[in-house]
Each structure stands twice: as structure tokens, then as C-alpha cells.
Amino acid sequence: MRSILLSILGSCFASVGFAAAPNEDHFPQPPNKKGLQVQMIDDAITLGVHHAALNVDLTQLIDPTGQENGPKWTVNGKQFAFSPTQVAGIDDRVKPLSDRQMVVTLILLTYASQDEKRNQLMLHPRYAQGEKMAGPIAMFNTTTANGADALQACLEFLADRYSVDQGHGRVWGYICGNEVNSHWFWSNMGHVTPDEVITEYERAVRLIHRAVRKSSREARVYISMDHFWNERYVAGSATQCLGGREFLDRFATKVSENGNFDWHLAHHPYPEPLTDPRFWRDSLHAPHNNQAQSITFRNLDVLMEFLQLDRLMFEGRPRRVILSEQGFHCNERRPQGELEQASAYALAYKAVDKLPGIDAFILHRHTDHAQEGGLNLGLWTNRPGQICTPDRKRKMYEVFQAAGTPDEQHMFEFALPIIGAADWDEALRNLTTP
């Protein structure tokens, strides 16, 4: 069946154009902020998810040889081809989620591959492949003419296919890379200065924004940051990462220099440290002031206030924020490990629900992943001996399912004594108390 499908896809996409005019549909307004990086589509539907994030590896999407008989797209007189298998895989994920009125966001990544032709086209030429602790994802390649054209082709194709109603499902958000302020680990372009990182990233984000807007007037493009704020990731040097506050300031300045546009922010307010889900206890790393080391669920107000600065705004409006990747570790050595994990989600959901300007709280992960540094972040455990095959549901599963529904009050109640509050008003007051 799949081979027949791929044959049909190849013939259907022999010639591809883009929309004559951008789609004018308004950005959707779901009933709540509950989101998930989706692994199991049917389970996400059962859970009542309203915001779904999906990874898209652009390195695998592109087909440098054109021999796979996939769809094609022309940019600056150059024709670029795409893998029909990858396109079918995106279709298979996007359509059933968007058909259930979920706001689908694609996380755009350029992983290093075993195919040197793909790597030369999509990975930044200074990617430090094989060097100590260099991450598996490279910065976008806008340095070479072919690389920039290939990135533009990828995004014009994706936006035309998924941000216009063509029956393949709808995508409303595009996240540019991953945690770029810690670039060595998640958006690698070698040892570089902050100015070099910002220059390269701003060029890529601007290109992606321009490509997306050819098809959709209101689809949003996001930059990606981790939870470090006034300090950089402790494992990295000054040529490997920088704090989020400096990153935002530098990025906004570079955008203004080259012509402002409406980029938005995908932030990751993990607890600090990642191994302790009880973020409400962390007054050391996450105080309620702009000197905070980190932005976690305890002090998101610091980030939101910073985005109110005039120099950060677009046409007098602050950037929209989604929390696109963050989770809570279940310490299975602690007797209350599952309850603490579930309590952290309950309090975080209550806190985010009260914050205007944040559109989505997208949990990471759906299922524990054996290669995620010993972290147990999933709604599901993973089966022993497997990488991310679901085994059993954790307490957080039923709490997540109840969020944003009439069952929320009853299903969240268990968390109050663990958090140390008599009711949710007290819990939120304690959370926001300096």
C-alpha cells in the first residue's frame, strides 16, 4: 500500500506551484492552551490535545539527487526535489491532528545525516560534526547560495502544502531550529561569537518567515530558546552558548537593523535542575526579577515583562509566546516521584492558564525516551529494552487529560498538599511571591 501511495505522490507532484495570493484565514483560537509533542496520534486525540508540535527534519525532506520521484519546487531558477516518503509521513501526522482542530506547529530541524550531499546542502558549513559534545542538529545553511535556496524551497513547499487548505491538513506555526542560544548543543555552527550566531540565525528566520508568508498571512514563525536567562548553559563556553536575555536583545536589534517583522518566541521553561520537577521551590535560579539565572514556570512573568519593552515589540504589540518544549522528570527513586511529576504539571498548567500572551503549553514528552540522558519526562513510561515504545500510563497522564475540562478541579486536587497550599489561589500566590 505504501509503495502505491508513494507512486501516486510522485506523479501528483511532478509540477508544483505556490498560492497566487496568501491565505487570509485568521490564526485559530483554541479553547485552552493544552498541547503535546505528539508521538501517538490516537492517544493525543483521546487526551484532548489542542496544540500539537511535530519535528520535521529538513535534511531528510530534501532529495538532492531528485531520484526518489517526489514533489519538486523551483527557487531562483533551481529545481529542488523532496522525498515522497518524508512528505507522506508529514501528511500522516498533520492531517489527523488538524482535522481534530488542533493547532499544529512544525519544529524545523537540520539533523546531520549519513548522506554527504544532503549535509552539504542543509547543514551550516561550520557545523562541528564529531567534535566533543557537538549536538546532532546544525544551524540552517544560508551561507551558500544553494543552501539558502534549498531552505527557501523547503519552506515554500511546506507552507504551500500545509498552510493553505489543500486537503493535507493545516499547519499554523513554524519553529526555527531548537534552543539556538545554546547553539553548540542544539543548532551547531562551530565555535562562534554571539554576533556570528545572531547574524546567521536572523538571516535564516527572516528567510523562513518570508517563505511562509507567501502562502499564509497569519501563520506564525517562532525563534527557539531554552530556559537559561542571565547565565549560559553551564556545560558550554562563551563560543558555544549565551544567555537567553542577551540572545533576545541581540536578535531583536539585528531584526530592527534589517527591517522589523513579526517573529514570535517558542520558549522552553524547564525546571532547573531538569531532574527536579518541583519548580515552585526554586527561588535561587528563578527569582522574580530580571537578574534571574533561568526562566522556569516559577518566574515566567519575568519573560513576559521583558517582551513588553518597546525594542522587543512589533508595531506596538509584544511577540506571542508558545511554550513549545518542556517537561517534568519523574524520579522513580522517590516514593512520591509520580505524584511530584503530576503535581508539577498541574501547577504549571494553572499558572500558564493565567498568563496572557502565552498561547500554548506543549508538553515534552508523550513517552519516556531511553536516549534522553536519564530523564523520565513522559506521560507514558517506555517499555524496558525499547527506546520510546509506550508501556504504562503515569499519574501525569490522567492529570494532563483532565486539564482544561470540567474534571480539572477534581483531578488536580491531589497536588495541593504536595505543593504546600490549601487551594489553587494560595498555590499561585506562593508561586509568584518574590
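Residues numbered from 1 in each chain as written. Predicted model: local features only at pLDDT ≥ 70, side-chain atom pairs only at ≥ 80, totals over all residues. Heavy atoms only, no water.

Draft legend 1. Representation of the overall build of the protein chain in the model. Each helix and strand in the protein chain was counted, giving 15 helices and 13 strands. Its C-alpha atoms give the protein chain a radius of gyration of 21 Å, within 12% of the compact-globule value 22 Å for 434 residues. Across its three principal directions, the C-alpha atoms of the protein chain cover 65 × 50 × 45 Å. Counted over contacts in the protein chain with a minimum sequence separation of 6, partners at least 24 positions apart contribute 70%. Working note: accessible area of the protein chain is about 17,700 Å², and carbon and sulfur atoms make up 49% of it. (Helix = DSSP H or I, 4+ residues; strand = E, 2+ residues; numbered from the N terminus. Rg over C-alpha atoms; globule rule 2.2 N^0.38 Å. Contact = heavy atoms within 4.5 Å. Areas by Shrake-Rupley, 256 points an atom, 1.4 Å probe, with all protein chains shown as cover.)

Draft legend 2. A look at the environment of V399. Along the chain, V399 falls in helix α12 (residues 395–402). The sequence separation of V399 and S237 amounts to 162 residues, and the corresponding C-alpha distance is 39 Å.

Draft legend 3. Structural detail: the packing of helix α11 (residues 337–353) against α12. Here α11 crosses α12 at 20°, and the two axes come no closer than 8 Å. Considering the angle they form, α11 stands roughly parallel to α12. α12 is crossed by α11, and the crossing has right-handed handedness. Touching E338, L339, Q341, A342, Y345 and A346 of α11 are K395, M396, V399 and F400, all from α12. (Axes fitted to C-alpha atoms, helices over the stretch in contact; angles between N-to-C directions. Parallel < 35°, antiparallel > 145°, perpendicular 65-115°, else oblique. Left-handed = near helix turned anticlockwise from the far one by under 90°.)

Draft legend 4. Main features of the sheet that holds strand β7 (residues 173–176). If you walk around this closed barrel you meet the 8 strands as β1-β2-β6-β7-β8-β9-β10-β11, and the pairing is parallel. Strand-to-strand, the axes of this sheet are offset by a mean angle of 30°, without reference to chain direction. As paired strands, strand β8 (residues 220–225) and strand β9 (residues 263–267) are joined by 5 bridges and run parallel to one another. In the strand pairing of β9, S224 is matched with A266. (Pairing = 2+ DSSP bridges.)

Draft legend 5. Seen up close, the pattern of salt bridges. Counted according to the given criterion, the structure contains 27 salt bridges. Between D115 and R118 there is a salt bridge whose closest N-O contact spans 3.0 Å. Note on D115: relative accessible area 27%, which makes it partly exposed. The shortest N-O distance in the salt bridge between R320 and D359 comes to 2.5 Å. A residue pair is termed long-range when its members are at least 10 positions apart, and R320 in the loop between α10 (300–306) and β10 (321–326) and D359 in strand β11 (residues 358–363) qualify at 39 residues. Given a relative accessible area of 29%, R320 falls into the partly exposed group. (Salt bridge = Lys/Arg side-chain N within 4 Å of Asp/Glu carboxyl O. Buried < 20%, exposed > 50% of the residue type's maximum accessible area, 1.4 Å probe, protein only.)

Draft legend 6. The arrangement of the sheet that holds strand β5 (residues 78–82) in detail. As summarised here, the arrangement of the 3 strands in space is β3-β5-β4, forming an open sheet in which the pairing is antiparallel. Two strands lie at the open edges of the sheet, namely β3 (62–63) and β4 (72–75), each paired on one side alone. With 2 bridges joining them, β3 and β5 adopt antiparallel strand pairing. When the sheet's bridge partners are listed, D63 is paired in β5 with A81. Packed onto the sheet, helix α6 (residues 145–162) meets β3, β4 and β5 and runs at close to 60° relative to β5.

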